[in-house]
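Next come the chains, spelled out residue by residue.
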Amino acid sequence: MHIRLLAIGDRQPAWVDAAFQSYVTRLPREWRFELETIASAKRGKKTSPSRAIDAESRKLLAKLGADEQVVLLDERGRQMTSQALAACLSRWLANGRDLVFVVGGPDGVSEHCRERADVTWSLSELTLSHGLVRVLFAEQIYRAWSLLAGHPYHRE
């Protein structure tokens, strides 16, 4: 099984990379977890956000395999408790398909990207920076794994 995070935005502050890696290195090796980034589209005063959304979404869609399960991280998605996420993760892992989590650009993703997603997950009702999304995502995936594995990381 291969699990990856596909995210728009390639440069993050050092603290984001350090925090993200601290959780990713704890994940099971058989997941072969990987972060794949795509550079953000150029934005300017004369460029409409929809152009950037379309350009970034085309790049995201090109990186998705036909058989992959796609979980879009989006503020309009379903919020879950850590236990609910662990249950979803268990189901996703059980079906044997590779799993990819997608984080769009600062203006979101196109409707085509949204339609390609099997699940849309919201980390929070708050607006979060892309760096914080990466860290929160990694921590919650690790927490979900710890719940499934009976590891004492998660406490009730």
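Whatever comes next refers back to the structure up there.
Conventions and cut-offs
Residues numbered from 1 in each chain as written. Predicted model: local features only at pLDDT ≥ 70, side-chain atom pairs only at ≥ 80, totals over all residues. Heavy atoms only, no water. Phe/Tyr/Trp six-rings, centres within 6.5 Å; stacked < 30°, edge-to-face > 60°. Helix = DSSP H or I, 4+ residues; strand = E, 2+ residues; numbered from the N terminus. Buried < 20%, exposed > 50% of the residue type's maximum accessible area, 1.4 Å probe, protein only. Lys NZ or Arg CZ within 6 Å of the ring centre and 35° of its normal. Contact = heavy atoms within 4.5 Å. Pairing = 2+ DSSP bridges. Right-handed = clockwise from strand over helix to strand, strands pointing away. Axes fitted to C-alpha atoms, helices over the stretch in contact; angles between N-to-C directions. 1 Å grid on protein atoms, 1.4 Å probe; cavity = no way out; pocket = protein on both sides within 12 Å on 5 of 7 lines; lining within 4 Å. Points joined across faces, edges and corners; volume = space filled by probe spheres on them. Nonpolar A, V, L, I, M, F, W, Y, C, P; charged D, E, K, R; others polar. Salt bridge = Lys/Arg side-chain N within 4 Å of Asp/Glu carboxyl O.

S.K.: Any chance you could break down the packing of aromatic side chains for me, citing the residues and the numbers?
M.R.: Considering all chains together, one arrives at nine aromatic pairs under this definition. Aromatic side chains Phe-20 and Phe-33 sit 6.1 Å apart centroid to centroid with 50° between the ring planes, which places their arrangement in the tilted category. Within this pair, whereas Phe-20 is found in helix 1 (residues 14-24), its partner Phe-33 is found in the loop between helix 1 and strand 2 (34-38), the two being separated by 13 residues in sequence. Both residues of the pair, Phe-20 and Phe-33, count as buried. Relative to Trp-121, the ring of Phe-101 lies with its centre 6.2 Å away and its plane at 65°, an arrangement referred to as edge-to-face. One end of the pair, Phe-101, is in strand 4 (residues 99-103); the other, Trp-121, is in strand 5 (residues 119-121), with 20 residues separating them in the sequence. You'll find Phe-101 and Trp-121 in the same group, each marked buried. An aromatic cluster of at least three residues, connected via ring pairs, comprises Phe-20, Phe-33, Trp-92, Phe-101, Trp-121 and Phe-137. The cationic tip of Arg-26 hangs over the ring face of Tyr-142; the distance from NZ or CZ to the ring centre is 5.2 Å.

S.K.: Summarise the side chain of Glu-68; cite the residues concerned and give the values.
M.R.: Examined against the element boundaries, Glu-68 turns out to sit in the loop between helix 2 (49-62) and strand 3 (69-78). On the basis of relative accessible area, Glu-68 is assigned to the buried category, the value being 9%. Not counting residues within four places of it along the chain, the set of residues in contact with Glu-68 comprises Arg-4, Lys-63, Arg-97, Asp-98, Val-100, Arg-116 and Asp-118.

S.K.: Help me get a handle on the pairing of strand 3, residues and values and all.
M.R.: By the criterion of burial, strand 3 is predominantly enclosed, with seven of the 10 residues buried. Bridge count for strand 3 against strand 4 is five bridges, and the pairing is parallel. Bridging from a neighbouring strand, Val-70 pairs with Val-100 of strand 4. Traced from strand 3 through helix 3 (residues 82-94) to strand 4, the parallel crossover comes out right-handed. For strand 3 and strand 5, the ladder comprises four bridges, and the chain directions are parallel. By the bridge assignment for strand 5, Leu-72 is matched with Thr-120.

S.K.: If you had to explain the sheet that holds strand 5 to someone new, which residues and values would you point to?
M.R.: Across the sheet, which stays open at both edges, the five strands sit in the order 2-1-4-3-5 with parallel pairing between neighbours. Among the strands making up the open sheet, the edge pair consists of strand 2 and strand 5. On average, adjacent strands in this sheet sit at an angle of 30° to one another, irrespective of strand direction. This element, helix 3, spans strand 1 (3-8), strand 3, strand 4 and strand 5 of the sheet and lies at about 155° to strand 3. Taken strand by strand, helix 5 (residues 130-149) contacts strand 1, strand 2, strand 3, strand 4 and strand 5, and its axis lies near 170° from that of strand 1.

S.K.: Describe in detail the layout of surface pockets, supporting the description with residues and values.
M.R.: Size it by volume and the largest pocket reaches roughly 440 Å³. If you go around the largest pocket, you meet 22 residues; those closest to its centre are Leu-73, Asp-74, Glu-75, Leu-128 and His-130. When residues of the lining of the largest pocket are traced back to their parent elements, those giving at least two are strand 3 and helix 5. For the lining of the largest pocket, the residue count by class is 10 nonpolar, seven polar and five charged.

S.K.: Tell me about the pattern of salt bridges, and please be specific about residues and values.
M.R.: Close approach of charged atoms allows side chains with opposite charge to pair. In the structure shown here, the tally under the stated rule is 11 salt bridges. With its nearest N and O atoms 2.9 Å apart, the salt bridge here joins Glu-68 to Arg-4. Here Arg-4 lies in strand 1 and Glu-68 lies in the loop between helix 2 and strand 3, a separation of 64 residues in the sequence. An identical accessibility class is assigned to Glu-68 and Arg-4; each is buried. Between Arg-97 and Asp-118 there is a salt bridge, with its nearest N and O atoms 3.7 Å apart. Separated by 21 residues along the polypeptide, Arg-97 in the loop between helix 3 and strand 4 and Asp-118 in the loop between helix 4 (111-116) and strand 5 bring together distant segments of the chain. For Arg-97, a relative accessible area of 31% gives the class partly exposed.

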